[in-house]
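# Commentary on secondary and tertiary structure
Okay, here's what each chain looks like letter by letter:
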Amino acid sequence: MKLLKNLLKSPMFVIGASIFLLTLLIALVGPLFYKITTARVGAQYDAPTAKFILGMDDLGRDYVSLLLLGLRSSLFVGFLAGVIATTIGTLIGIYGGFRGGVVDDILNMVTNLFVVIPSFVVLILISASFSEGRSLTLIGVIIGMTTWTWSARAVRAQSAALKSKDHISLAKLNGDNTLRVLLVHILPYIFSYVFMVFILQVSSGILSEAAISMIGLGPMDTVSLGTILNQAKNTGALGDGIWWAFIPATVVITLIVFALYLINTSMEGVFNPRLRK
Amino acid sequence: MLKQYPTLRFVLMRAGWYFLTFLVAVTINFFLPRLGKNNPVDIIMGKAATGLSNEDARKKEEKYLQEFGLAKVGKDGQLLRDAEGKPMKAGRLEQFGNYIKMCLMGDLGTSFQKYPKKVVDVIKEAVPWTIALQLPTILFGWIVGNILGALAAYRRGVFDKVFFPFALILSSFPFFVFGMLLVYYFAVLLPWFPAMGGYANSVMPSFSMAFFSSAAYHYVLPFFSIFLILAGGQAIGMRSMGIYELGTDYIKYAKWLGLKEGKILTYLFRNAMLPQITGLALSLGTMIGGALITEMIFSYPGLGMAMLTAIQNNDYPMIQGCTLIVTVSVLIANFTVDILIGFLDPRVKAGLQMGKGV
Amino acid sequence: MAIFEVDKLSLHYLTRFGQKIHAVTDVSFTMEQGEILGIAGESGCGKSTLVNGLMGLFIPPLYPTSGDVRVGGESLMNRSPEDVRANILSRKVSMIPQGAFNALNPTRKVKDIAADVMAAHIKGVDKKQIYERLKERFDLFGMDTNKVLNSHPIQLTAGERQRSVIGISTLLNPQMVIADEPTSALDVTTQKVVIKMIFDLLEKGIFSTMIFITHELPLLRHVANNIAIMYAGEIVEKGTAEQVVFDPRHPYTKALMGAMLSAEPGQKQRKPTAIEGAPPNLANPITGCRFAERCPQAKPECKQNKQEIRIVGDRQVRCDYAE
């Protein structure tokens, strides 16, 4: 597709996409190449050695294994949250923007409500209420359901701008009902935009998970990048200079988020010619 | 009548909307933590009842039930009892009613972990630290970031080519990541700054030089970990806006008219700033949240730390109290920015409609 | 003495790759007091570039190649940008841009924008004087002066905005006014009001000469005294309005007039014809006539021989074979 070719011309996109795909690859097939063990294999906070290149955690577990597991969890939550948030946001945005009028006003009010009430507060409250049974999926769902406002706004703006375009009026004149118009005429147009929004939601989902896990409200049955950081903080590894307790996880999170951000910015540069200079 | 005073009408409409939001927030704040099945009193009794006789334990439980608004209370202030003499538990709505009553009286409940300390007291101690850290950081970060961004947009050239990628990288760091990195590099590897706390353990809070200098010393790292990211993000945004405005017709016309360069720059800056202020309104919640997380990393004695310890100890009233305060602060801040935008941008005042304001 | 003289003006752009695009080549004309010259041509013929050049506004990547422009005898070339800004723009030569709603700073009141113009060119005038002068001038426009001056652009109608722009552009009584499609985005009634205002100002001596750029040829006939047709950066025909519209000699002008739908008496039975093809790429050096590719009367020599301006039938035509 011509779009893809243009994207590939942008160095930002290539760098971002490669980094992200690499991490995805490592997360998916890494366990096939590296034996993951969560058993105790060393002493508390053993320094890195040739065999276990990232050292041990507080309970003597191999950090490389933990990171791999954590990466998978975080990516999973990020995707789940991203999908949910983008879906909700797009549906609300596209419908409100297209219909306009009272429907739009109501949807706008609801969106604004969610915008102004800080999502992390809601996140904390919900997570805190589940003092047991917090799983990755639950966290992903909660994050998705509280962070959709951004995509709702963005999509609504696009949808509202589109609805006055001629081919939409033509479709309406032809008697297409709203759903059909939305699906067949508007959605393909804004698809690239929705995709961009999705990327940002995934990245925000990964960050939210890391944040919420870091303060202790994360998943209770699995390892995630955030829980690794939580442990590092709780055991005071931060102050003791035990860098392998938190630097690797930090680096991974930052890399992923940065890669996604690069992808998004480069896409914006390609889709929005006004920023091209 | 009100149509004669568009400004007043604007302020009142926004205030009304924010009040509505506040009501929703309080409701959410109450009901969300109760989604799970936990009964806070059971949790606390687990700890508090050790070593007590059955009778004493029962009395204590009743006292807690009453204090936490979980039991039905009769008109005489005594617990209502059922046929077996056990106190009747209040239904959810009744609990909500109790909660509202207590809030209006300025009582946000009693902290579990610091029992019998009141939630408001704990918050009162923590809030000054949070404000001291967040207010200057957010303000300066926003101002400096925007100025740099505008400069980058206007000058372009070498400054822009160096500055832009740098700001891009800075702005994409998550707050807590950056905080951790700063602690590691500047507090552990190079012991220039303290790694945690708001002030040294040896110093007591007082109006003394020793205290203030200690506090200032502990202020540096948390400040920068928020400030740099914020400034980077604002700079990026402002730069895009600046570039966009530079290409607009009215700037071209201003040049054609022979207006002085300084004047054109003010046109540019003022107009590019408006969407930035709108952006500020939208991201205030995130910023405050990020700053709170930074507090947690640095064990800075503000609201963030209070929330963290509350979470770790399942201290529900404390969690609730903190989130309520945070939400209210975000609402107030948003409201202020909204009004500001209304005053600065005539297009907003001209097109005021409820729900489309933000 | 001619108020405005353009003498073999050539302008070029420098692209990012160092290529020179010759946007305007050898344009010459003179204008007398009270004259309105219309310039017409298709998109991309160099009108907008010419306008910048006529104002002395050479902002990179636009550069003057050669030639001269003189207002009231003074040359606009070889001046520093600050000199052009302070002395030429708005004072000697002024521009009325296309699309007035976007031309006014949306967050500034009309009176403040106008005051900015005055403050930028006149030293030591205080606010009170400025506003009085503004009121005086705007009173001539037939609008509710107080309302218009104190409003933001968004509160005004399109017609009010366009007239405000005209007012602001002519505030300092420039000798030459260049109007770039001033009526394009307006409805017919508002167009008439704006045209009337322009004539009023001309009559009152607020400005002396005007260049009216548009692609609407019927409009030009009613407004302009003389018309110059531009194609690919050159003037291909110049004569009085009557001559150019009703009796065009250059093949391009003929094609343009033929492409017009006109309700003029005597024109109704003519079928409109389209001109095929597109203007040439001005980055490459061009030999011969620039219109040769599309000209219905082209001869093989046209592509080789550079066409100079000849006088045919009392007007200037750039075609060796026109008669």
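Presented here is a report on the structure given in the accompanying data block. (Residues numbered from 1 in each chain as written. Chains lettered and ligands numbered in written order. Predicted model: local features only at pLDDT ≥ 70, side-chain atom pairs only at ≥ 80, totals over all residues. Heavy atoms only, no water.)

### A word on the sheet that holds strand β1 (residues 4-14) of chain C
Residue and element names in this part refer to chain C. Ordered in space as β2-β1-β4-β5, the four strands form an open sheet in which the pairing is antiparallel. Every other strand in the sheet has two partners, leaving β2 (20-31) and β5 (74-75) as the edge strands with one partner each. Pairing between β1 and strand β4 (residues 62-71): eight bridges, direction antiparallel. Its bridge partner being in β4, Phe4 is matched across the sheet by Val71. Sheet contacts for helix α1 (residues 47-54): β1, β2 and β4; angle to β1, the most-contacted strand, approximately 120 degrees. (Pairing = 2+ DSSP bridges. Helix = DSSP H or I, 4+ residues; strand = E, 2+ residues; numbered from the N terminus. Contact = heavy atoms within 4.5 Å. Axes fitted to C-alpha atoms, helices over the stretch in contact; angles between N-to-C directions.)

### Some details on the interface of chain C and chain B
Counting residues at the interface gives 27 residues for chain C and 18 residues for chain B. When chain C packs against chain B, close to 2000 Å² is buried across both sides, 64% of that on carbon and sulfur atoms. Contact with chain B buries area across many residues of chain C, yet C:Asn105, C:Pro106 and C:Thr107 alone supply 24% of it, more than any other trio. Our count for the chain C to chain B interface comes out at one salt bridge. Counting across the interface, chain C meets chain B through 10 residue pairs in polar contact (both at pLDDT 80 or more). (Buried area = accessible area lost by both parts, 1.4 Å probe. Salt bridge = Lys/Arg side-chain N within 4 Å of Asp/Glu carboxyl O. Polar contact = N/O pair within 3.5 Å; in protein donor to acceptor, adjacent residues only side chain to side chain.)

### Section: the pairing of β1(C)
Residue and element names in this part refer to chain C. As paired strands, β1 and β2 are joined by eight bridges and run antiparallel to one another. When the bridges of β2 are listed, Leu9 appears paired with Val27. Where β1 folds back on β2, the antiparallel hairpin that results is connected by five residues, among which Gly18 adopts a positive phi of roughly 85 degrees.

### Notes on the packing of aromatic side chains
In the structure shown here, the tally under the stated rule is 15 aromatic pairs over all chains. Taking the centre distance of 6.4 Å and the plane angle of 40 degrees together, the rings of A:Phe195 and A:Phe198 count as tilted. In this pair, A:Phe195 and A:Phe198 both sit in helix α9 (residues 178-214), three residues apart, roughly one turn of the helix. With relative accessibility at 37%, the residue A:Phe195 sits in the partly exposed group. Relative to C:Phe29, the ring of C:Phe4 lies with its centre 6.4 Å away and its plane at 40 degrees, an arrangement referred to as tilted. Of this pair, C:Phe4 sits in strand β1 while C:Phe29 is found in strand β2, placing the two residues 25 residues apart along the sequence. Assessed through its relative accessible area of 0%, C:Phe4 is described here as buried. Cation over ring: B:Arg14 sits above B:Trp17, and NZ or CZ is 5.5 Å from the ring centre. The positively charged end of B:Arg239 is found above the aromatic ring belonging to B:Phe164, 3.9 Å away from the centroid. (Phe/Tyr/Trp six-rings, centres within 6.5 Å; stacked < 30°, edge-to-face > 60°. Buried < 20%, exposed > 50% of the residue type's maximum accessible area, 1.4 Å probe, protein only. Lys NZ or Arg CZ within 6 Å of the ring centre and 35° of its normal.)

### A closer look at unusual backbone geometry
Residues and elements named next belong to chain C. If you check the backbone angles, Ser90 has positive phi at about 70 degrees while not being a glycine. With respect to the element layout, Ser90 can be found in the loop between α2 (81-88) and β6 (93-96). Residue Asn173 is not a glycine yet carries a positive backbone phi of 50 degrees. Mapped onto the elements, Asn173 comes out in the loop between α7 (158-169) and β7 (176-180).

### Things to note about the sheet that holds strand β10 (residues 234-240) of chain C
Residue and element names in this part refer to chain C. Spatially, eight strands are ordered β6-β7-β8-β3-β9-β10-β12-β11 in an open sheet, and the strand pairing comes out mixed. What marks the edges here is a single partner per strand, and that holds for β6 and β11 (310-312). The mean angle between the axes of side-by-side strands here comes to 25 degrees, regardless of whether they run parallel or antiparallel. Where strand β3 (residues 36-40) and strand β9 (residues 226-231) come together, four bridges link them in parallel fashion. What sits directly across from Ile39, in β9, is Ala228.

### Structural notes on the pattern of salt bridges
This model, assessed by the stated rule, comprises 17 salt bridges over all chains. Salt-bridge contacts for B:Asp121 lead to B:Lys124; the nearest nitrogen and oxygen are separated by 4.0 Å. With B:Asp121 and B:Lys124 both in helix α5 (residues 119-155) and three residues apart, the pair spans about one turn of that helix. Taking the relative accessible area as the measure of exposure, B:Asp121 reaches 31% and is therefore partly exposed. On the accessibility criterion, B:Lys124 (59% relative accessible area) is exposed. Between C:Arg79 and C:Glu74 there is a salt bridge, and its shortest N-O distance comes to 3.0 Å. Its relative accessible area of 24% is what places C:Arg79 among the partly exposed residues. Taken together, the shared-partner salt bridges in this structure form one network comprising C:Glu74, C:Arg79, C:Asp83 and C:Lys92.

### Let's talk about the nonpolar core
Formed by 131 residues in total, the largest nonpolar core has its most connected members in A:Ile124, A:Phe246, B:Phe176 and B:Val326. Counting residues per element, this core draws most heavily on helix α10 (residues 261-297) of chain B, which supplies 13 residues. Every residue in contact with B:Val326, bar those within four places of it in the chain, is listed here: A:Phe120, A:Val121, B:Ile288, B:Leu292, B:Leu303 and B:Met307. (Core = buried A, V, L, I, M, F, W, Y, C linked by side-chain atoms within 4.5 Å.)

### Examining the interface of chain B and chain A
How big an interface is tends to be expressed through the accessible area that disappears when the partners come together. The interface is formed by 53 residues belonging to chain B together with 47 residues belonging to chain A. Taking both partners together, chain B and chain A bury about 4500 Å²; carbon and sulfur atoms supply 78% of that area. Three residues, B:Phe176, B:Met180 and B:Tyr184, lead the burial of chain B against chain A; their summed loss comes to 14% of the area buried on that side. At the junction of chain B with chain A, the criterion picks out zero residue pairs in polar contact (both at pLDDT 80 or more). Put simply, the parts of the chain that give the side of chain B that touches chain A at least two residues each are α1 (6-31), α6 (157-171), α7 (175-189), α8 (209-246), α10, α11 (303-312) and α12 (316-344) of chain B. The residue inventory of the side of chain B that touches chain A, partitioned by class, reads 36 nonpolar, 14 polar and three charged. (Nonpolar A, V, L, I, M, F, W, Y, C, P; charged D, E, K, R; others polar.)

### Describing α10(B)
Residues and elements named next belong to chain B. For α10, which comprises 37 residues, the first-to-last C-alpha distance of 46 Å sits more than 12% below the rise-based estimate of 54 Å (1.5 Å per residue). Where α10 bends most, the angle comes to about 55 degrees, and this point is Ser283. Just past α10, the residue Ser299 takes up positive phi, approximately 50 degrees. (Expected span 1.5 Å × (residues − 1). Bend = angle between axes of the 7 residues up to and from the residue.)

### Side note on the pairing of β10(C)
Residues and elements named next belong to chain C. Across the seven residues of β10, six count as buried, placing the element largely inside the fold. Here β9 runs beside β10; their pairing, made up of six bridges, is antiparallel. Of the residues in β10, the one forming a bridge with Ala228 is Lys238. Hairpin remark: β9 followed by β10, antiparallel, with two residues in the connecting loop; positive phi at Ala232, about 50 degrees. With two bridges joining them, β10 and strand β12 (residues 315-317) adopt antiparallel strand pairing. Across the sheet, Lys238 pairs through a bridge with Gln316, a residue of β12.

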